[in-house]
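Structure at a glance
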Amino acid sequence: MKKYSKKQYGLFFIALLISIVFLFPIYWMITTSIKPIQDVFATPPLIFPENIQFDAYIKNLIEDRSIFKYIRNSFIIATGTSLLTLILALPAAYALARFRLKGGGVFLLILLVTQMVPGIMMAMPLFIMFSTFNLLNSYLALIIGNTTLALPFAVLIMRPFFLSIPKGLEDAAVIDGCNRFTAFVRIVLPLTKPTLLTVGTFAFLFAWGDLIFALTLATDESIRPLTMGLTTFVGQYGTQWDSLMAVSTIAALPIIIIFIALQKYIVSGITAGAEK
Amino acid sequence: MEANTMVHMEKNVTSPSKFSHIIMKSLYKYLFVLPAFLFVVIFMLYPIVYNIFVSFQDATILNLSSDKSFVGLANYAYILNDPTFKIALKNTLIYTSSSIFFQISIGFLLALFFNQVFPFRNFFRSILLLAWMTPLVITGTLFKWLFDVDYGVINYLFMQLGIISESINWLGQQGTALVAVIFTNIWIGIPFNMILILAALQALPKDVYEAARIDGASKLQIFYKITLPLMKPAILVVLVLGIIYTFKVFDIILIMTGGGPVNATQVLPFYGYELAFVNFNFGHGGAVATIILLMLTLVSLIYLYLVRKEESM
Amino acid sequence: MNEYFKLFSFVWILLVVSLVGCSSNEETSSDNGQSLNENEATSDSNNSKDNVITLEVWDYLNPDTPPSDAQIEYLEKYTELNPNIEIERTYFPFADLKTRLLQGVAGNELPDIVIIDNPDHQSFSEAGVFADITDEVEEWGEMDLYYDGPVESVMLDGKYYGVPNNSNALALFYNKDIFEEAGISDPPTTWEELKEIAMQLTTDDRKGLAISATSSEEGTFQFLPYLWQSGADLDSFDSPEAISAMQLIQDMINAGSMSSNVINWDQQDVLVQFQNGKAAMMVNGPWQLPTLREESEDINWDVVLMPEGNHPASILGGENWAITSTSEHKEEAWEFLKWTQQEEILGPMHELGGRLPNRDDVASDEQYEWNEDPQLQVFVEQIQTSKPRAYGTKYPEISNIVQEAIQRAITGEDVETIMKDSAERINPLLP
């Protein structure tokens, strides 16, 4: 245990205050969801809930179970995006870091530029392309769409990581009789776990939060993810804020869990993303 | 066996008779990049090129699968003459610049604060990130509720604090809707900016500060004379990154206002979406996409210039 | 770090496995279902079809409301009677259904059957979304039984593109308790009274009146009655009468007797305000009657005709059925539509859904509640002065302009300017 000075405890309280003020909207989301509707429409608003009830949760988890279908779809799409991104980005980033490739610089440049194109602008051509190949309304369409957002980010933060691994390690392996590929798998891959986690988590989060591709590439209710489900709830509940906030809280929950488990990788992902 | 050939090849790279082996050898390396390369070309480059292509065509929902006629610059003429485009452009610029300004300045202040040592520092720093990580659909819905004119808690708190004298219909008025949406986006972006700036702060050389302190410089002097100049490159990168991400605004607008009331929060990406997916005029949508692309290319040139400048340092 | 990695991969694997588990279970169960039906079909020699046909239905009937309950109940009833038909119903929020239909055209993903708001029917027919069912309708021969307004809405260039299902109209609901408390005996019958009474009933945490002015067809639906009551119409949107109608809305917002939040409210939100005593009066339709009776026993309320301006007027709303042009099961879809329109089906379905009939035989049948229930009778009477939105195939675009005009008025722009601007844009779109 470190000893802190009085001043540091003072800072702690300021930090606490900042967090409370800043995260008040999240607090409000949760408390609204457990208030009876009369209290939701109270003037002035009740900052601390007086009557707590879980009707909105019963309604949206037990009576109406459609939210589970949306959550399931979101998991399939987000996991698929995460895997596809890793499969594509890992070898590419490795090769771009290790080998002198003709056009490698151009490829990196393209990735930088595509990262800047708004998703909605990618959605229109993809929509037309997928409608020609009958790919609309499939998980694959959404996974591909989301991977266009995640892939540049993934390559751009993994390449510097590979650059930081001493090349001598693999060369030694190659001399020991491994080929480049087995050297990659046996020596490099195990070292990349933290980066893989960061990239995987980010791809997952990108896809989990995506609305653009869900909105444009999936007209079929059965494959729509949670974000799209939420817009349906918004249309359905209008101003029944207790239900709407309950649905929002349920939708945010997986994010909060992932965040608690992996916050270190998320923070390092953000900072790494800005470096390149 | 394959490994043996590899080693063998590496010893003979200079021999002209083994030229085909060189190709084989480098091909092998290119195979690592091939899947990602194909993906980028098919699903990312092609769409961008397609947008440009379709912006010169008369493409609507009716002729989607048949031949589309070339219409020259007609789509651009339509867009540039549409009063909504000008409003959307203006709003996008206001939205981007004011979001970035407040995100970076508040983010900077918070980063300075969290750069100090105190109990649970990392915990607080991370938990603020929740605002940034929550899917935008949820954040948008939540702030719609917070900004509600009759029962919204923001009106109540602002009235208690004496900032406003009566309830404001934030999202329902042309004068305030954009302000409310920007406020929401600032809230989302602050922790992201804070983390980036904090990382840069922690990478600053400690000895300079030591020297300054020994020389008797005040805290304010240290900040203006040392911290700010040293942070300049990092802030510039954060700035450009921020512009690129903020320019893409779509989800919040769709959820909170739908571009309204009466175009008060219409922005370019949402305008492009409406043209393409509500009116189903892909030609018009493509033209807006291309215009956005041109603007972002400009920004990305600055971005690349900055990256290069930083690397050369 | 290692623990996290393990945890993460564990969670992932668990999820993937459970998801795969889910879907494979579903597949097998649906397989079972299908083979069961096939067995039935082969054992039943009368049934020539050996496959189950799935009809996809899209509608905008809000979940947990009477219209949607009626819809679900009757869809289920039909599949019970016809084991070779399965019906898959999808709900879309009212404002989204139109966009979804258009995207469905582009994506080649249209359902077989659609429930559509009647003013939009013609424009979708023109866009080729709906199938021409003229031959079937003529062979059926029952179209003469329907009222003229609804029939016109399913027609384009002398051809039939659907069947009108039900009608509705807007009327004024009021909270008797609040009226009593404020010492007001009668609900308003004129615009002046409406303004005055709404003001008297307004308190710190309650508004006098709630309407919907959202930027969807619902907003236009709620505004047009005032336009017609003033004596104006969409072709005279900049006339003094039309201006007075919009001024009425703006005045009530300015006076504070109506919340400026109305631009965010659809008609369901308006009901929520009324149910929670946050609005003393509301303008709404008959489909809200069953909900109010069921959920709001704690308040005394009643419904009366809409107040009059220069003329009495309300708006004729309603839903139509349509079969899409791309449907592969047009025959089966048509059989289903015909089934819903039989008197003994349609009558109870309307009762359950809080809707009004638009067929003579159903409307005049004494056994149904619209011939006895005094509150429903108000709507039946209101329909006499209700007008349809018969403005041709460009109506959805016109409606967008009207919605924008309402929003501008509510946010406080000069009404005269708004109406002049809007009239200029509306006129070229009128037939």
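Residues numbered from 1 in each chain as written. Chains lettered and ligands numbered in written order. Predicted model: local features only at pLDDT ≥ 70, side-chain atom pairs only at ≥ 80, totals over all residues.

Operational definition: UniProt positions are given in the numbering used here, feature names are shortened, and annotations may be inferred rather than shown by experiment.
Chain C is annotated in an unreviewed UniProt entry as ABC transporter substrate-binding protein of Salipaludibacillus neizhouensis. Comment text from UniProt for chain C, heading Sequence similarities (unreviewed entry), reads "Belongs to the bacterial solute-binding protein 1 family."

Description of the environment of Glu369(C)
Residue and element names in this part refer to chain C. For clarity, the threshold we go by: Only runs of H or I of at least four residues qualify as helices and only runs of E of at least two qualify as strands under DSSP, and these elements are numbered from the N terminus. The exposure scheme places C-beta atoms from the backbone and then counts, for each residue, the other C-beta atoms within 10 Å of its own, assigning buried at 20 or more, exposed at 12 or fewer, and partly exposed in between. Contact between residues is assigned whenever the C-beta positions, reconstructed from backbone atoms, fall within 7 Å.
Mapped onto the secondary structure, Glu369 falls in the loop between α15 (360–364) and α16 (374–384). On the basis of neighbour count, Glu369 is assigned to the partly exposed category, with 14 C-beta atoms found within 10 Å. Taking the C-alpha atoms as reference points, Glu369 and His350, separated by 19 residues in sequence, lie 9.7 Å from one another. The residues touching Glu369, leaving out its near neighbours within four places in the chain, are Glu351 and Leu376.

Remarks on unusual backbone geometry
Cis geometry marks the peptide bond from Thr43(A) to Pro44(A); its omega dihedral reads -10 degrees. The residue Pro44(A) is located in the loop between α3 (37–40) and α4 (55–63) in this model. Unusually for a residue other than glycine, Phe120(B) sits at a positive phi of about 60 degrees. Structurally, Phe120(B) can be placed in the loop between α4 (83–114) and α5 (121–127). For Val262(B), which is not glycine, the phi torsion reads 45 degrees and is therefore positive. In this structure, Val262(B) sits in the loop between α12 (251–256) and α13 (268–278).

Quick look at the sheet that holds strand β10 (residues 301–304) of chain C
Sheet strands pair by backbone hydrogen bonding; their relative direction is either parallel or antiparallel. Residue and element names in this part refer to chain C. Put simply, the rule reads: For two strands to pair, DSSP has to find at least two bridges joining them. Orientation is described by lines fitted to C-alpha atoms, with helices fitted over the stretch in contact, and by angles between N-to-C directions that extend from 0 to 180 degrees.
Judged by pairing direction, the sheet is mixed, and its four strands sit side by side in the order β8-β9-β7-β10 without closing on themselves. Two strands close off the open sheet at either side, each with one partner strand: β8 (207–210) and β10. Strand-to-strand, the axes of this sheet are offset by a mean angle of 20 degrees, without reference to chain direction. Sheet topology places strand β7 (residues 171–175) next to strand β9 (residues 279–284); four bridges connect them, and they run antiparallel. By the bridge assignment, Tyr174 is partnered in β9 with Met281. Sheet strands touched by helix α11 (residues 267–275): β7, β8 and β9. Its angle to β9, the strand with the most contacts, is close to 155 degrees.

A short note on the domain arrangement of chain C
All names here are of chain C. Inclusion rule: These domain limits were set by an automatic method or by a database of domain assignments.
Partitioning chain C into structural domains gives domain 1 (54–168 + 318–371) and domain 2 (171–305 + 394–429). Computed over C-alpha atoms only, the centres of domain 1 and domain 2 are separated by 28 Å. Tallying the contact residues gives 15 residues for domain 1 and 14 residues for domain 2. Elements with a minimum of two residues in the side of domain 1 that touches domain 2: α2 (66–81) and α3 (94–107).

Here's the deal with the confidence of the model for chain C
Residues and elements named next belong to chain C. The condition that has to hold: Confidence of the predictor at the level of single residues is captured by pLDDT, which takes values from 0 to 100.
Per-residue confidence for chain C averages 86 on the pLDDT scale, and 88% of its residues sit at or above 70. Taking the mean pLDDT of every element in chain C, the minimum, 39, falls on helix α1 (residues 2–43) and the maximum, 97, on β7. Overall fold confidence (pTM) sits at 0.82, and the ipTM for the predicted complex is 0.87.

Let's talk about the packing of helix α2 (residues 24–33) of chain A against helix α7 (residues 136–146) of chain B
Applicable threshold: We call two directions roughly parallel when the angle between them is under 35 degrees, roughly antiparallel when it is over 145, roughly perpendicular when it lies between 65 and 115, and oblique otherwise.
As a packed pair, α2(A) and α7(B) sit with axes 10 Å apart at the nearest point and diverge in direction by 80 degrees. What the angle tells us is that α2(A) and α7(B) run roughly perpendicular. Here α2(A) contributes Pro25(A), Trp28(A), Met29(A) and Thr32(A) to the contact with α7(B), which in turn contributes Leu142(B), Phe143(B), Trp145(B) and Leu146(B).

Considering the nonpolar core
Note the threshold: Nonpolar core, as used here: buried Ala, Val, Leu, Ile, Met, Phe, Trp, Tyr and Cys residues forming one set through C-beta atoms within 7 Å.
With 210 residues, the main nonpolar core has Ala89(A), Ala92(A), Ala154(A), Val155(A) and Leu217(A) as its most contacted residues. The residues contacting Leu217(A), other than those within four sequence positions of it, are Ala123(A), Leu126(A), Phe127(A), Phe130(A), Leu136(A), Ala141(A), Leu142(A) and Gly145(A). Core analysis: the next-biggest nonpolar cluster, separate from the first, contains 72 residues, Phe179(C), Ile315(C), Ala409(C) and Ile426(C) among them.

Notes on α2(C)
Residue and element names in this part refer to chain C. This is how it is decided: Multiply 1.5 Å by the residue count of a helix minus one, and that product is the helix's expected span. Arc definition: it is the arc formed by the directions from the helix axis to the C-beta atoms.
The terminal C-alpha atoms of α2, which comprises 16 residues, lie 23 Å apart, in line with the 22 Å expected from a rise of 1.5 Å per residue. What α2 keeps buried is the set Pro66, Pro67, Ala70, Gln71, Tyr74 and Leu75. Along α2, the residues classed as buried sweep out an arc of 165 degrees about the axis, all on the same side. Opposite the buried face of α2, by more than 90 degrees, sit the exposed residues Glu76 and Glu80. Next to the buried residues of α2 lie β1 (53–59), β2 (85–91), α12 (289–295), α13 (330–340) and α14 (343–353).

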